[in-house]
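Inside the fold
Okay, here's what each chain looks like letter by letter:
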Amino acid sequence: MSGMTTTLAHPERDEIRITTVLQALADPVRLQIVRALAMHEEGLSCGVLPLGVTASTLTHHVRTLREAGVVRVRPQGTSRISSLRRDDLDALFPGLLDGVLAARR
């Protein structure tokens, strides 16, 4: 599939907005994804997470996180590997991710 090797659009650091990040993090499924990615700095395929949603719903959630600047997604073979943009988020919004990740579930 040629679409799998296409580079996906990601906002530059200076394009990331707090309102968009907070909206992305407000969804429970997306928050689960972010918590899982925080434990896997090298990134992972979100399809391996037991989220209880369909593949199309998972794709929507990962796209929302990517477009908000919360995650970076890169193709790797036939998979897409997501990783948390911790450096960018920590530089723009110090303490935000730590607070979100430390919050009670």
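These remarks concern the structure in this document.

Thresholds applied
Residues numbered from 1 in each chain as written. Predicted model: local features only at pLDDT ≥ 70, side-chain atom pairs only at ≥ 80, totals over all residues. Heavy atoms only, no water. Helix = DSSP H or I, 4+ residues; strand = E, 2+ residues; numbered from the N terminus. Buried < 20%, exposed > 50% of the residue type's maximum accessible area, 1.4 Å probe, protein only. Contact = heavy atoms within 4.5 Å. 1 Å grid on protein atoms, 1.4 Å probe; cavity = no way out; pocket = protein on both sides within 12 Å on 5 of 7 lines; lining within 4 Å. Points joined across faces, edges and corners; volume = space filled by probe spheres on them. Nonpolar A, V, L, I, M, F, W, Y, C, P; charged D, E, K, R; others polar.

1. What about the environment of Leu92?
- Inspection of the secondary structure assignment puts Leu92 in helix 4 (residues 86-92).
- What makes Leu92 partly exposed here is its relative accessible area of 31%.
- Sequence separation of Leu92 and Val73 is 19 residues, and the distance between their C-alpha atoms is 20 Å.
- In this view, Leu92 contacts Arg13 and Ile16; residues no more than four positions away in its chain are not counted.

2. Observations regarding the layout of surface pockets
- Volume-wise, the largest pocket comes out at about 320 Å³.
- Lining the largest pocket are 13 residues, and of these Ala55, Leu58, Thr59, Val62 and Arg80 sit closest to its centre.
- Broken down by secondary-structure element, the contributors of at least two residues to the lining of the largest pocket are helix 3 (55-68) and strand 2 (79-84).
- No other element matches the six residues that helix 3 contributes to the lining of the largest pocket.
- Among the residues forming the lining of the largest pocket, the class breakdown is six nonpolar, four polar and three charged.
- Of the voids in this model, the second largest pocket is the one considered here, and its volume is about 190 Å³.

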